Amino acid sequence: MTTSIKDRKVEKLPSQVKLQGRILFLTEDPELIKRQLAGEDLPWDTKNPANNPKLRDDISTDEITPAHYCFYFDQTLGEIPYLGLKCGNETPISRGSVKKGGFVAAVSGKRRGKGSSREQSPYAEMSAGIKLVIAENIERIYKQNCQNLGVLTSTNFDLIEKIRSGQEIPLSEFTQGEDEITREVIEYGGLFPFNVARLQKKVSLPPIKTAKRPMTVAEKIFARHMLNSDVSTGVPYVKPGDTGFARTDLRFSHEYVTPMAAIFYEQYMGKETPVNDASSILFFRDHLTFLDEVISEEKKKIGLLDLATQLKLKQESFGKAQGIKLHGELKDRKGSEGICHSVIAESYALPGQLNVGSDSHTPHVGAVGCIAFGIGTTDVFNSWITKDVRVKVPESVKVVIQGKARPNVTAKDLILKLLSLDYIKSGKALAKVMEYSGEAIEVLGVDERATMTNMAAEIGGFTGIVAPDERVVEFLEERRRLNPADVRKMMDGIFSDPDAEYAHVIELNAEDIYPMVATPGDPGNGKYIRDLNTPVPVEIAYGGTCTAGKNEDMDMYARVLADALKEGKRVAESCKFYIQFGSQETREYSMRKGYVEIFKKAGALIIEPSCGACINAGPGVSSRPDQIVISAQNRNFPGRSGPGQMYLASPLTVAASAVAGHIVEYQPAESKELVSA
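Since we're looking at a predicted model, the values are computed, not measured. The residue numbering used here restarts from 1 in each chain and proceeds along that chain's sequence as written. Local features in a predicted model are, by the rule used here, given only for residues with pLDDT of at least 70; side-chain atom pairs are given and counted only at 80 or more, and totals for whole chains, interfaces and linings are based on all residues. Heavy atoms from the whole structure form the basis of all side-chain values; hydrogens and water molecules are not counted.

**Q** Break down the overall build of the protein chain for me, citing the residues and quoting the values.
**A** Strands are runs of DSSP state E lasting at least 2 residues, helices are runs of H or I lasting at least 4, and numbering of each runs from the N terminus. When its secondary structure is counted, the protein chain shows 29 helices and 24 strands. The reference for a compact globule is 2.2 Å times residues^0.38; the radius of gyration itself is calculated from the C-alpha atoms. Taken against the 2.2 N^0.38 rule, which gives 26 Å for 677 residues, the C-alpha radius of gyration of the protein chain at 24 Å falls within 12% of a compact globule. Over its C-alpha atoms, taken along the principal directions, the protein chain stretches across nearly 80 × 60 × 50 Å. For the exposure calls, accessible area comes from a 1.4 Å probe over protein chains only, and a residue counts as buried if that area is under 20% of its type's maximum, exposed if over 50%, partly exposed in between. Residues classed as buried in the protein chain amount to 63% of the 677 residues present. Note on contacts: a residue pair is in contact if any heavy atoms of the two residues lie within 4.5 Å. Look at the contacts in the protein chain between residues 6 or more apart in sequence, and 75% of them connect residues 24 or more apart. Summing over all exposed atoms, the protein chain offers an accessible surface of approximately 25200 Å²; the carbon and sulfur share of this is 48%. The convention is simple: Lys and Arg are positive, Asp and Glu are negative, and His and the chain ends are not counted. Where a charge lies is defined by one atom per residue type, namely NZ (Lys), CZ (Arg), CG (Asp) and CD (Glu). Distance between charge centres in the protein chain, computed from 84 positive and 89 negative side chains, equals 3 Å. For the area figures, the Shrake-Rupley method with a 1.4 Å probe applies, and any residue is considered shielded solely by the protein chains shown.

Below, the structure is given as structure tokens:
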């Protein structure tokens, strides 16, 4: 333990909280928001909620802090909360208006803080004066980020009257129903002061004494990684609700998050203090390598491109000083070594591990049979100190997809179907493990399974996982030359017991599912393509990102374009089709298979690895509100990838639509021949 930690003074917050300030109601009506920003306090009837204006649901972190403003990593963020918030067809909140308004609380509807794990969002709210967030329900990572920073959260709308009448509120109002560790994090005012108290032995971890019980695959992995009070690792059994700290196998972050985490670390620990086990930490420069090609002149003028460069430089300097491996930019051409999730899956993750990353799509590597989940900035820098992360063992939802999928239906169609279900759209799956199983899952390769686990983030789940099997053995042997016997040994016991308990079971038949799209605005807006009422012309088709830039995704793009070339067709003149590799390994795979030649002949534009268009930072973004995009990425929140109208779809659908010039189902060449016969 460093001297600074030993000597740092840390105390709990007072038992009563007085929140002095105004309340900002984030309504669907933009005029009501403008009136509040102009100084009007909106009436609110807590006894008769039906009398109140409709609150905005599904406010994503992209709307709280649009991606390009996350280049700031200091209190400048206090000027920009809710700049991307869409109400009707307007974005009514301007820079600095929330901070000037003197608001102490912000109120919204269902699924507050969905999407990215960016801690810049609650940090921006906090820096603007927001001390309390009230919503019907709150997404896991966003809520944990709030708690880590000391921002209070609640689903109790009765607090509105108490704030307005100037009453003191017991701190217990915000800790009731929470586990012991979360309660103490809140009482100490954040994760770092709690960890200081923990390292000073002012608090101790509650022992996990769960009796013998059947467990899910996720629970078994958690049990192996939970810390005991003597800091030894592993307990015999866990159950949902058990809390503690879990020892990590890998911790990674990218240039959006590393700099803020590094500043926190240096501020609280000192520049000379080494991180805990640098060999198990990885940095990635994967989000912003193509930013200069799409950032507007207006944003350049206010210095955002320069700020993005500072993110890169800060990550490089901190990593070099700490001896942390950086998967960075290419030396001989533009692009990166690979997107963090792609590289972790291809080169690092192993069955039975517990991995954390600074990105909500960290569950990607659940496809190899490990627990992987996204964490925020404060969790990242604290994990550099302790090598562990706070965990409340989540409930699991079992997804069973039986039957044989149609030849033009992919994992992306399966996950879009799941996202359209009421159980998931209503937020009932929030913070739960999504365990995928059934015949239709078992036949998928690891790359396709990764699409399912990756998009557990869109579900709002804690993570996604598929129990490891021979497909994982084949993947690790092929990609890493691992000995199959060694892999099978790692997999030993990593399966769900037959009588394991689940919060819910979702059963689908793959044979009933057709190619899907998610219509603009939310990944949960799933529709069968055949149910679209009118033809939807597309100007941009995008195939890439962690979700759709893998080897098996390239197989699909190549399959469609090869079929098109045989029929004398190419990408439609009215459409630009971008294909972006998720990693250098996938690029090399595509070159070996002859796919790059097929892509070029068909008129597709090829891009080196990076996150790019998915976060409005590379070729493939829209530039006009009326522009229609079809994309194989994972999110289509308002403004996330430009101002246009984005439809989400599978790699097969995206490629087929690029050729047709409008959204269509892909029809395999062999089935066309059968039909014509």
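**Q** Hey, could you go over the packing of helix α25 (residues 551-566) against helix α27 (residues 595-602) for me, with residue numbers and the actual values?
**A** Angles shown run from 0 to 180 degrees and are taken between the N-to-C directions of axes, each axis being a line fitted to C-alpha atoms and, for helices, limited to the stretch in contact. At a minimum axis distance of 9 Å, the contact between α25 and α27 shows a crossing angle of 50°. When the axis of α25 is compared with that of α27, the two are oblique. Our pair here, α25 against α27, has a crossing hand that is left-handed. On the side of α25, the interface is formed by M554, D555, Y557, A558, L561, A562 and L565, while α27 contributes Y595, I598, F599, K601 and A602. Its residues placed into classes, the contact of α25 with α27 shows 10 nonpolar, no polar and two charged. Under this scheme an angle from 65 to 115 degrees is roughly perpendicular, one under 35 degrees roughly parallel, and one over 145 degrees roughly antiparallel; angles in between are oblique. Here a crossing is taken to be left-handed if its near helix is turned anticlockwise relative to the far helix by less than a right angle, and right-handed if that turn runs clockwise. Only Asp, Glu, Lys and Arg are considered charged in this grouping, and only Ala, Val, Leu, Ile, Met, Phe, Trp, Tyr, Cys and Pro are considered nonpolar; every other residue, Gly among them, is considered polar.

**Q** Quick rundown of the environment of S279? Include the residues and the values.
**A** Structurally, S279 is set in the loop between α12 (258-269) and β9 (281-284). Under this definition, polar contacts are N or O atom pairs within 3.5 Å; protein pairs additionally need one hydrogen-donor-capable and one acceptor-capable atom, and for neighbouring residues in sequence, both atoms have to be side-chain atoms. At 2.5 Å, the side chain of S279 and the side chain of D277 are in polar contact.

**Q** Before we move on, can you summarise empty space enclosed by the protein with the specific residues and values?
**A** Any space left empty among the atoms is revealed by the rolling of a water-sized probe across them. Grid spacing is 1 Å over the protein atoms alone, the probe is 1.4 Å, and a cavity is where that probe fits but cannot get out, while a pocket is an open set with protein on both sides within 12 Å along at least five of seven lines and lining residues have an atom within 4 Å of a point. Grid points are joined across faces, edges and corners, and a volume is the space filled by probe spheres set on the points. This model, assessed by the stated rule, comprises four cavities of 30 Å³ or more. Approximately 230 Å³ is the volume found for the largest cavity. Considering only residue class, the lining of the largest cavity consists of eight nonpolar, 11 polar and four charged. In this structure, the second largest cavity occupies an estimated 100 Å³ of space. Contributing to the lining of the second largest cavity are G113, K114, G115, E139, R140, I141, S360, P363, A457, G460, G461 and F462. Considered class by class, the residues forming the lining of the second largest cavity number four nonpolar, five polar and three charged.

**Q** Outline the layout of surface pockets, listing residues and values.
**A** Volume-wise, the second largest pocket comes out at about 840 Å³. In terms of lining residues, the second largest pocket is bounded by 34 residues, among which I138, K143, E178, K392 and A431 are the most central. Going through the elements one at a time, α6 (140-149), β5 (152-154), α8 (172-175), α9 (180-188) and β13 (388-392) are the ones with two or more residues in the lining of the second largest pocket. Top contributing element to the lining of the second largest pocket by residue count: α6, with four residues. Of the residues that constitute the lining of the second largest pocket, the class distribution is 11 nonpolar, 13 polar and 10 charged.

**Q** Could you give an account of the environment of E567, with specific residues and numbers?
**A** Along the chain, the position of E567 falls in the loop between α25 and β21 (576-580). Among the residues examined, E567 registers a relative accessible area of 38% and is labelled partly exposed.

**Q** Just give me the short version of the sheet that holds strand β3 (residues 103-107), but keep the residues and values in it.
**A** Between any two strands, at least two bridges found by DSSP are needed for them to pair. Spatial strand order, β2-β3-β4-β5: four strands in an open sheet with parallel pairing. Every other strand in the sheet has two partners, leaving β2 (22-25) and β5 as the edge strands with one partner each. Along the sheet, successive strands turn relative to each other by an average axial angle of 20°, direction set aside. With three bridges joining them, strand β4 (residues 132-134) and β5 adopt parallel strand pairing. When the bridges of β5 are listed, I134 appears paired with S154.

**Q** Tell me what's going on with α27, and back it up with residues and numbers.
**A** The complete set of buried residues in α27 reads Y595, V596, I598, F599 and A602. Seen from one end, α27 has its buried residues packed into an arc of 160°, which puts them on one side. For α27, exposure combined with an orientation more than 90 degrees from the buried face picks out K600 and K601. Directions drawn from the helix axis to the C-beta atoms are what define this arc.

**Q** I'd like to hear about the pattern of salt bridges, residue by residue, with values.
**A** Salt bridges are defined by distance alone: a side-chain nitrogen of Lys or Arg within 4 Å of a carboxyl oxygen of Asp or Glu. For the structure shown, the criterion picks out 49 salt bridges. Residue K220 is joined to D497 by a salt bridge in which the shortest nitrogen-to-oxygen separation is 2.8 Å. One end of the pair, K220, is in helix α11 (residues 217-225); the other, D497, is in the loop between α23 (484-491) and β17 (504-509), and 277 residues separate them in sequence. For K220, a relative accessible area of 12% gives the class buried. The residue E329 makes a salt bridge to R285 at a minimum N-O spacing of 3.3 Å. With E329 in the loop between β10 (325-327) and α15 (340-347) and R285 in the loop between β9 and α13 (297-301), the pair connects residues that are 44 residues apart, well separated along the chain. The class of E329 is partly exposed, set by a relative accessible area of 26%.

**Q** Help me get a handle on the confidence of the model for the protein chain, residues and values and all.
**A** Each residue carries a pLDDT score, the predictor's confidence in it, ranging from 0 to 100. Summing up the model confidence of the protein chain, the mean pLDDT is 95 and the portion of residues at 70 or higher is 98%. Note on residues 673-677: pLDDT is under 50 here. Beyond four places in sequence and across chains, it has zero contacts.

**Q** An account of the pairing of strand β8 (residues 250-254) is requested, with residue identities and associated values reported.
**A** For β8, a buried count of five out of five residues is recorded, marking the element as mostly surrounded by other parts of the structure. One ladder, built from three bridges, connects β8 with strand β11 (residues 354-357); its direction is parallel. Note on β11: the bridge partner recorded for R251 is V356. Bridge count between β8 and β9: four bridges; the pairing is parallel. The residue bridging S253 from the neighbouring strand is F283, located in β9.

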